[in-house]
Amino acid sequence: MSLQGDSQVSAVLKAAQAGDRQAATDLLPLVYAELHELARARLARQPPGQTLTPTALVHEAYMRVAGDSNMTWEGRQHFFFAAARAMRDILVEQARRKAGPKQGGGQRRRELDEACAVLEPPSDDVLAVHEALQELEARDPLKAQIVLLRYFTGLTMDETAKVLGLAERTLDRHWRYIRAWLMKRLS
């Protein structure tokens, strides 16, 4: 980058620190190419099978660095140092997630079908279902609303999704969790 480019980035950084929202917007186009090259170089050193792209890494790092209102940059180099540090932190977090226990923490997957997760309790278990629903409502009110709409009101998945303003896929994910949770809680 030229000296004029260096001074332009430094001027925009100072304006952004002073609270100029437009300066923060103007910063990304000025530094994007260099950040992208930095991200590409960082990802090239990662083991094969990386799912993070240089573009995604740049965007995440930029959001962390530019979004930190407490950060003060002494100039262009300091900004790029902070961006490189943010990229490293992102890659470390991703590596920890990949190395950590997978979702379910070692539990074996068991397919649930509608017959397996029946929500209609025997008449003597009404109190148990009531207590389970109270616990579910305390933990996650949205999931309790889903049960009320699906089980007690008899709405279809499509109707429930429309009432709650959710995508059907999101509702389906919640419904699978609810059925499994209730099955475990009631057994």
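Residues numbered from 1 in each chain as written. Predicted model: local features only at pLDDT ≥ 70, side-chain atom pairs only at ≥ 80, totals over all residues. Heavy atoms only, no water.

A. Molecular detail of the overall build of the protein. Helix and strand content of the protein: eight helices and zero strands. Tracing the protein from N to C terminus, the helices and strands come up as α-α-α-α-α-α-α-α. Residues counted as buried form 27% of the 187 residues belonging to the protein. Considering only contacts within the protein whose residues lie at least 6 apart along the sequence, 58% involve residues at least 24 apart. A total of about 12700 Å² of accessible surface is found on the protein, and carbon and sulfur atoms cover 53% of it. (Helix = DSSP H or I, 4+ residues; strand = E, 2+ residues; numbered from the N terminus. Buried < 20%, exposed > 50% of the residue type's maximum accessible area, 1.4 Å probe, protein only. Contact = heavy atoms within 4.5 Å. Areas by Shrake-Rupley, 256 points an atom, 1.4 Å probe, with all protein chains shown as cover.)

B. How the structure looks around the side chain of Thr160. Looking at the secondary structure, you find Thr160 in helix 7 (residues 157-164). When residues no more than four places from it in sequence are discounted, the contact partners of Thr160 are Leu149, Arg150, Leu155 and Leu171.

C. Geometry of the pattern of salt bridges. A complete count under the given rule lists eight salt bridges for this structure. The network of salt bridges with common partners includes Glu60, Arg64 and Glu93. (Salt bridge = Lys/Arg side-chain N within 4 Å of Asp/Glu carboxyl O.)

D. Looking closely at the environment of Val129. Note on placement: Val129 falls in helix 5 (residues 126-139). In this structure Val129 comes out as buried when scored by relative accessible area, which is 11%. Along the sequence, Val129 and Arg185 sit 56 residues apart, while their C-alpha atoms lie 9.0 Å from each other.

E. Spatial organisation of the confidence of the model for the protein. Averaged over the protein, the pLDDT score is 77; the fraction of residues at 70 or greater is 76%. Within the protein, helix 1 (residues 3-17) has the poorest average pLDDT of any element, 72, and helix 8 (residues 168-186) the best, 91. Contacts from residues 120-124, a stretch scored under 50 in pLDDT, to residues over four places away or in other chains number three contacts. (pLDDT = per-residue confidence, 0-100.)

F. Fine view of the nonpolar core. Formed by 23 residues in total, the largest nonpolar core has its most connected members in Leu27, Val31, Leu35, Leu57, Phe79 and Met87. Listing elements by their share of this core, those giving two or more residues are helix 1, helix 2 (21-44), helix 3 (54-66) and helix 4 (76-99). Of all the elements, helix 4 adds the most residues to this core, at eight residues. Formed by twelve residues, the second largest nonpolar core is a distinct cluster that contains Ile146, Ala161, Trp175 and Trp181. (Core = buried A, V, L, I, M, F, W, Y, C linked by side-chain atoms within 4.5 Å.)

G. The side chain of Gln94, seen in detail. Turning to its location among the elements, Gln94 is positioned in helix 4. Setting aside chain neighbours within four positions, we find Gln94 in contact with Gln50, Thr51 and Leu52.

H. Quick peek at the packing of helix 7 against helix 8. At a minimum axis separation of 9 Å, helix 7 and helix 8 run at an interaxial angle of 105°. Comparing their axes, helix 8 and helix 7 come out roughly perpendicular. Contact with helix 7, carried on its side by Met157, Asp158, Thr160 and Ala161, involves Glu168, Leu171, Asp172 and Trp175 of helix 8 and no other residues of that element. Among the residues forming the contact of helix 7 with helix 8, the class breakdown is four nonpolar, one polar and three charged. (Axes fitted to C-alpha atoms, helices over the stretch in contact; angles between N-to-C directions. Parallel < 35°, antiparallel > 145°, perpendicular 65-115°, else oblique. Nonpolar A, V, L, I, M, F, W, Y, C, P; charged D, E, K, R; others polar.)

I. Layout of the environment of Ala128. Note that Ala128 resides in helix 5. The class of Ala128 is partly exposed, set by a relative accessible area of 29%. Placed 57 residues apart in sequence, Ala128 and Arg185 show a C-alpha to C-alpha distance of 9.0 Å.

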